Amino acid sequence: MKIETQPREDHQVKIVAEFDAEIMEGFKRRAARKISQETKIPGFRPGKAPYDIVRRMYGDDAIEKQAVELLIDEQYGKILDAAEIKPGAPGSLEEIISTDPLKLSFIVPLAPEVTLGDYQSVRKPYEAPAVSDDQVSEYLRRMQTSYATAEPVERAAEKGDLVYYMLSGRLANPAEGEDAEVIKDGPAQTVIGEDTVSDKDWPFAGFSEQLIGMAANDEKEITHTYAEDDSDEKLRGREVIFRIIVQSIKALHLPELDDEFAQSLGEFTTFAELKDSVAAQLGENGRQEYDQKFFDELFELIAAGATIKYPPQVLNEEKEHILEHLKEDLSRNNLDLETYLKLINTTSETFMAEQVAPAAVKRLTRSLLMEELGKAEKIQLADADVNAAVNGSLRQLSTQPGFDPKKVNDRVVNAIAMDAVSRLYNQRILSRLKSIATGEPESTPEVAAETPEIEVTAAGGEAEAAEKEAAE
Amino acid sequence: MSTIYDVLRRPLVTEKSNFQANRLHQYVFEVAVDANRTLIKDAVETLFDVTVLRVNVINVTPKRTRRARSRRLAIRNAGYKKAIVTLAPEDRIAIFEGVE
């Protein structure tokens, strides 16, 4: 067997392999046996026809074709070993250059190669946003309104009241043939002054203010001209007449923000506890958001310093992955991809090129970098951590509604274990990166010294397998 | 009375005849029903230029079978005469051994 390799530009390698006549002869015999096994030759039981008879029935071409197939199946691994190539995806037979002697050429995508640049010197300050008192009090105020009790009143509407009314809207001077109706006559409700804060007032900002002073069964017409830069294109610069008939008014009694209110929520005993928990929750949300941004930018910095090479097949795989996710998401909303593409008004080609491809590149570089960083930083997981993570995930699953213990088989458990372990692993890498980027002194991780051997418990065996896979 | 040129109808190539040809130097033909050992020996010796040591002849009886489409209809396939020709050890007949 003679082997030549020619590297190609797109991180693939072309291998030309030449085989000895004897090897080929052996495979021809096997091919003939296979043909006689699969087809019917009169006078012979399946698989019993001799080589010459098969040759006379089906010809040399058929045997050769079969032989090459068998040979590739069996020898491909040896070829890769001999050529000392680590494939990143299944290779393909490019062409059969000659059959006598047999000469084949393959195109083999190489495993992605990552050379980390000087990632140790990448510095990026980490400043998690602090939660301000305003945010907390705003959140509490919202809670207050959502727990408010409504009570019908016989008076004019005031700020903070809940007003039920019928609303219809039509264009003041519609164009010829245009449907004048903007809002169909229908019931609506508003808490006066509630939405002005968050700028979500509907149908236009400051609308609810117009309701102040109206009593039940009052009627009112308001004319509003939309701004030229309104978010609704149809209404830009148009004059619309709204007609309001108030039906009923309810006063909202806000609960006092005190211990009693906190207790009514169940989990808290004092108001201070509630406030702390809100602050912690808000802080957590803000931190997560900031983390995502922080690591996105950090990875961009690291990627700029590193060289990453991968064959197009790997990228395609990633693209398919993304598409699949998208399809899953869409099917949850009863959409399929074609409809979605029509909705956002693109073709599948431009969508692939503009949306999927950059996302795939980003995800791929990130995952490759993560993997390499994990190796470079020698991040290992201790058995206890792994077990804790896996058990935690399983416990979480078992508390979910619709959980059926019968459906949990080994595969599901394995998948969950994999997921839990890889998440933990990634967390470790990210926290290490963070400490590098913020310039904290390097601390040798206490788990690095431990061997990754895990005592085989019920979950341990799977976790170990999962860990190995995660590390690969 | 047939001549030696219409004695041999066709070679019979089956798993069994293949074994006989390879191991026992016996070659199997379907022959005319009115042929006899002498004629078969002459025919094989003349046509294939070999030495025949022995000729065994058997009348293969017609067998009852059923038609493939209408399974009720029993039919009979034709019988034939089969000759098993033993050659001298150094001789061989090429048509039994694949493409020449």
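Just so you know, these numbers come straight off a predicted model, no measurement behind them.

Asks: Lay out the overall build of chain B with the relevant residues and their values.
Replies: From N to C terminus, chain B includes two helices and six strands. If you list the helices and strands of chain B from N to C, you get β-α-β-α-β-β-β-β. Among the 100 residues that make up chain B, the fraction classed as buried is 36%. If you sum the accessible surface of chain B, you get close to 6,700 Å²; carbon and sulfur atoms cover 49% of it.

Asks: Now, about the pairing of strand β3 (residues 92-99) of chain A: what can you tell me, with residues and values included?
Replies: Residue and element names in this part refer to chain A. Here β3 pairs with strand β4 (residues 102-109) via six bridges, running antiparallel. Its bridge partner lying in β4, Thr 99 is registered against Leu 102. In sequence, β3 turns back onto β4 through a hairpin of two residues.

Asks: Give a detailed account of the packing of helix α6 (residues 312-332) of chain A against helix α8 (residues 348-376) of chain A, specifying residues and quantitative values.
Replies: All names here are of chain A. Packing of α6 against α8 leaves a shortest axis separation of 9 Å and a crossing angle of 110°. Taken as axis vectors, α6 and α8 run roughly perpendicular relative to one another. Considering the relative orientation of α6 and α8, their crossing is right-handed. Two secondary-structure elements touch here, α6 through Val 314, Leu 315, Glu 318, Lys 319, His 321, Ile 322, Leu 323, His 325 and Leu 326 and α8 through Phe 351, Met 352, Val 356, Ala 357, Ala 359, Ala 360, Val 361, Arg 363 and Leu 364. Here the residues of the contact of α6 with α8 are counted per class, giving 13 nonpolar, two polar and three charged.

Asks: Describe the nonpolar core, with residues and values.
Replies: Residue and element names in this part refer to chain A. Phe 294, Leu 298, Phe 299, Ile 302, Leu 369, Leu 373 and Leu 433 are the most contacted members of the largest nonpolar core, which totals 42 residues. The greatest single-element share of this core, amounting to ten residues, is contributed by helix α10 (residues 410-437). When residues of this core are sorted by domain, at least three fall in each of domain 2 (113-147 + 256-294) and domain 4 (295-471). Dropping the residues within four chain positions of it, Leu 373 is found in contact with Leu 116, Tyr 119, Phe 299, Ile 302, Ile 429 and Leu 433.

Asks: Could you give an account of α6(A), with specific residues and numbers?
Replies: In an α-helix, one turn spans 3.6 residues, which is why side chains three or four residues apart end up on the same side. Spanning 21 residues, α6(A) covers 30 Å between terminal C-alpha atoms, matching the ideal 30 Å at 1.5 Å per step. Trailing α6(A) by a residue or two, A:Asn334 shows a phi angle of about 55°, which is positive.

Asks: Tell me about the confidence of the model for chain B, and name the residues and values.
Replies: All names here are of chain B. On average, residues of chain B carry a pLDDT of 86, and 93% of them reach 70 or more. Averaged pLDDT values over the elements of chain B bottom out at 79 in strand β5 (residues 74-76) and peak at 94 in strand β3 (residues 52-60). Under the prediction, the complex receives an ipTM of 0.80, its pTM being 0.53.

Asks: For the sheet that holds β3(B), give the residues involved together with the corresponding values.
Replies: Either a parallel or an antiparallel arrangement is found when strands of a sheet pair, and the pairing is made through backbone hydrogen bonds. Residue and element names in this part refer to chain B. The strand order β1-β2-β6-β3 describes an open sheet built from four strands, whose pairing is antiparallel. Only two strands of the sheet have a single partner each, and these edge strands are β1 (8-11) and β3. If you compare each strand with its neighbour and ignore which way they point, the axes differ by 30° on average. One ladder, built from three bridges, connects β1 with strand β2 (residues 26-31); its direction is antiparallel.

Asks: Break down the packing of aromatic side chains for me, with residues and values.
Replies: Summed over the entire model, instances satisfying the criterion amount to two aromatic pairs over all chains. Ring plane angle 25° and centroid distance 6.1 Å describe the contact between A:Tyr290 and A:Phe294, whose orientation is recorded as stacked. Of the two residues, A:Tyr290 and A:Phe294 both sit in helix α5 (residues 271-305), four residues apart, roughly one turn of that helix. The same class applies to A:Tyr290 and to A:Phe294, which are both buried. Taking 5.9 Å as the distance between ring centres and 25° as the angle between the ring planes, the aromatic pair formed by B:Phe29 and B:Phe48 counts as stacked. With a gap of 19 residues between them, B:Phe29 in strand β2 and B:Phe48 in helix α2 (residues 37-48) connect regions that are remote in the sequence. A relative accessible area of 27% places B:Phe48 in the partly exposed class.

Cut-off values and rules
- Residues numbered from 1 in each chain as written.
- Chains lettered and ligands numbered in written order.
- Predicted model: local features only at pLDDT ≥ 70, side-chain atom pairs only at ≥ 80, totals over all residues.
- Heavy atoms only, no water.
- Helix = DSSP H or I, 4+ residues; strand = E, 2+ residues; numbered from the N terminus.
- Buried < 20%, exposed > 50% of the residue type's maximum accessible area, 1.4 Å probe, protein only.
- Areas by Shrake-Rupley, 256 points an atom, 1.4 Å probe, with all protein chains shown as cover.
- Pairing = 2+ DSSP bridges.
- Axes fitted to C-alpha atoms, helices over the stretch in contact; angles between N-to-C directions.
- Parallel < 35°, antiparallel > 145°, perpendicular 65-115°, else oblique.
- Left-handed = near helix turned anticlockwise from the far one by under 90°.
- Contact = heavy atoms within 4.5 Å.
- Nonpolar A, V, L, I, M, F, W, Y, C, P; charged D, E, K, R; others polar.
- Core = buried A, V, L, I, M, F, W, Y, C linked by side-chain atoms within 4.5 Å.
- Domains from an automatic or database assignment.
- Expected span 1.5 Å × (residues − 1).
- pLDDT = per-residue confidence, 0-100.
- Phe/Tyr/Trp six-rings, centres within 6.5 Å; stacked < 30°, edge-to-face > 60°.

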